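Here's the letter readout for the chains.
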Amino acid sequence: MKKMLIITAPSGAGKTTIVRHLLKTFDNLSFSVSATTRPPRAGEVDGKDYYFLTLRKFNNRIKKDLFAEWEEVYPGKFYGTLKKEIAKKWRKKKDIVFDIEVKGATNLKKLYGDRALAVFIKPPSLEELIKRLEKRDTESKKTLAERIARAKEELTYENNFDMVLINDDLAVALKEAEALVRAFLDLEEE
Ligand code: 5GP
């Protein structure tokens, strides 16, 4: 039976780096492409990074109950996992990896139970998290303030998940992530 690996964290804790590393390391893992109403950033490709939808189309999919989970992550910016995306990957015999925020991750874990492993990536401290958010040059002043406020709240979700992985030294965190994925997917040491 194919499984799902849910990687979640406060904004800026390094979950995207960890997800990318896992995708490179494990052939059988496939990235769950989410739908979103936020505009694409430079270099992002529709259908690969996200399915970029208008608010109208996104709402339409909510009404038709096509999402496994969705959240308004920032005011007016919606993100969600389409049920079809999960079905498609499992049909292709792939295990799925998710890069999603804490509320969506909590809901997916509830829906899929033992078929899912939900890992919370934790920054070493709130100060370090704020520093990492400030370093990102994709964020304007306003969204940075929004992200810090959100990250503080997200840190309180830690107990909802199967495992907590502290991302202090990235190299160590990547190795730990590999080990727990290998165990969860029942893979031999390569
Ligand atoms: P970004 O705009 O930086 O790509 O993503 C913003 C936040 O939304 C990140 O924490 C990301 O993990 C989260 N996110 C991406 N896709 C989904 C999704 O399908 N559902 C939920 N709940 N969050 C998502």
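A few points on the structure. (Residues numbered from 1 in each chain as written. Predicted model: local features only at pLDDT ≥ 70, side-chain atom pairs only at ≥ 80, totals over all residues. Heavy atoms only, no water.)

1. Topic: helix H1 (residues 15-25)
Put simply, the rule is: Partly exposed residues are those whose accessible area sits between 20% and 50% of the maximum for their type, while under 20% is buried and over 50% is exposed, using a 1.4 Å probe and protein chains only. Secondary structure counts use DSSP, requiring at least four H or I residues in a row for a helix and at least two E residues in a row for a strand, with both numbered from the N terminus. By arc we mean the arc of the directions from the helix axis to the C-beta atoms, nothing more. The contact criterion used is simple: two residues touch if any of their non-hydrogen atoms lie within 4.5 Å.
Within the sequence span of H1, burial applies to Lys-15, Ile-18, Val-19, His-21, Leu-22 and Thr-25. Across the axial projection of H1, the buried residues extend over an arc of 160 degrees, all falling on one side. Of the residues in H1, the exposed ones pointing more than 90 degrees away from the buried face are Arg-20 and Lys-24. On its buried side, H1 packs onto strand E1 (4-8), strand E2 (29-31), strand E7 (95-99), strand E8 (116-122) and helix H7 (170-184).

2. Considering the pattern of salt bridges
Quick note on the threshold: Take a side-chain nitrogen of Lys or Arg and a carboxyl oxygen of Asp or Glu: if they are within 4 Å of each other, that pair is a salt bridge.
In the structure shown here, the tally under the stated rule is 15 salt bridges. Residues Asp-162 and Lys-109 are paired through a salt bridge, measuring 3.0 Å at the closest nitrogen-oxygen approach. Of the two residues, Asp-162 is situated in the loop between helix H6 (141-154) and strand E9 (163-166) and Lys-109 in helix H4 (residues 102-112); the sequence distance between them amounts to 53 residues. Assessed through its relative accessible area of 16%, Lys-109 is described here as buried.

3. Digging into the sheet that holds strand E5 (residues 67-74)
Note on sheets: strands pair through backbone hydrogen bonds, and any given pair is parallel or antiparallel. Applicable threshold: Pairing between strands is defined by DSSP: at least two bridges between them are needed. The angle between two axes is taken between their N-to-C directions and runs from 0 to 180 degrees, where each axis is a line fitted to C-alpha atoms and a helix contributes only its stretch in contact.
The strand order E4-E3-E6-E5 describes an open sheet built from four strands, whose pairing is mixed. This sheet does not close on itself; its edge strands, each paired only once, are strand E4 (50-52) and E5. Going across the sheet, the axis of each strand differs from the next one's by a mean of 25 degrees, ignoring polarity. Packed onto the sheet, helix H3 (residues 83-91) meets E4, E5 and strand E6 (77-82) and runs at close to 35 degrees relative to E6.

4. Here we look at the site of the ligand
The cut-off we apply is this: Neighbouring residues are identified by heavy atoms, a residue being near a molecule or strand if any of them is within 4 Å of it. Under this definition, polar contacts are N or O atom pairs within 3.5 Å; protein pairs additionally need one hydrogen-donor-capable and one acceptor-capable atom, and for neighbouring residues in sequence, both atoms have to be side-chain atoms. Surface exposure here means Shrake-Rupley accessible area, sampled with a 1.4 Å probe, where a residue is shielded only by the protein chains that are shown.
Around the ligand, 17 residues are found, and the nearest of them are Ser-34, Arg-38, Tyr-50, Tyr-79 and Glu-101. Here Arg-41 contributes a side-chain N or O atom positioned 3.0 Å from an oxygen atom of the ligand. Glu-69 places a polar side-chain atom, nitrogen or oxygen, 2.7 Å from a nitrogen atom of the ligand. Protein contacts shield 93% of the accessible area of the ligand, which totals 510 Å² for the unbound molecule. Here the element with the most residues in the shell around the ligand is E5; it accounts for four residues.

5. Side note on the packing of aromatic side chains
As a reminder of what qualifies: Between 30 and 60 degrees the pair is tilted, below 30 it is stacked and above 60 it is edge-to-face, where a pair is any two Phe, Tyr or Trp rings, Trp via its six-membered ring, whose centres lie within 6.5 Å. For a ring to carry a charge above it, either NZ of a lysine or CZ of an arginine must fall within 6 Å of the ring centroid while also lying within 35 degrees of the normal to the ring plane.
Per the stated rule, a full pass over the model turns up eight aromatic pairs. An angle of 45 degrees between the planes, with centres 5.7 Å apart, marks the rings of Phe-58 and Phe-78 as tilted. Here Phe-58, found in helix H2 (residues 55-63), pairs with Phe-78, found in strand E6; they are 20 residues apart in sequence, far enough to count as distant. An aromatic cluster of three or more residues is present, and its members are Tyr-50, Phe-52, Tyr-74 and Tyr-79. Geometry around Tyr-74 places Arg-150 over its ring, the cationic atom sitting 5.9 Å from the centre.

6. So, the side chain of Lys-3
As for its placement among the helices and strands, Lys-3 is situated in the segment before E1. On the basis of relative accessibility, which here comes to 18%, the residue Lys-3 falls in the buried class. Once residues within four sequence positions are removed from consideration, Lys-3 is found in contact with Trp-90, Asp-95, Ile-96, Arg-115, Phe-184, Leu-185 and Asp-186.

7. Thoughts on the packing of H1 against H7
Rules: Any angle that is under 35 degrees is reported as roughly parallel, and any over 145 degrees as roughly antiparallel; angles of 65 to 115 degrees are reported as roughly perpendicular and all others as oblique. Crossing handedness follows the turn of the near helix against the far one: under a right angle anticlockwise gives a left-handed crossing, and clockwise gives a right-handed one.
In contact at an axis separation of 10 Å, H1 and H7 are set at 55 degrees when each is read in the N-to-C sense. Between H1 and H7, the angle falls in the class oblique. As for the relative orientation of H1 and H7, their crossing is right-handed in sense. Facing Thr-17, Ile-18, His-21, Leu-22 and Thr-25 of H1, the residues of H7 in contact are Leu-170, Ala-173, Leu-174, Ala-177, Glu-178, Val-181 and Arg-182.

8. Digging into unusual backbone geometry
The phi torsion at Asp-65 lies on the positive side, around 60 degrees, for a residue other than glycine. Phi is positive for Lys-93, close to 65 degrees, though the residue is something other than glycine. Along the chain, Lys-93 turns up in the loop between H3 and E7. By relative accessible area, Lys-93 is classed as exposed at 55%.

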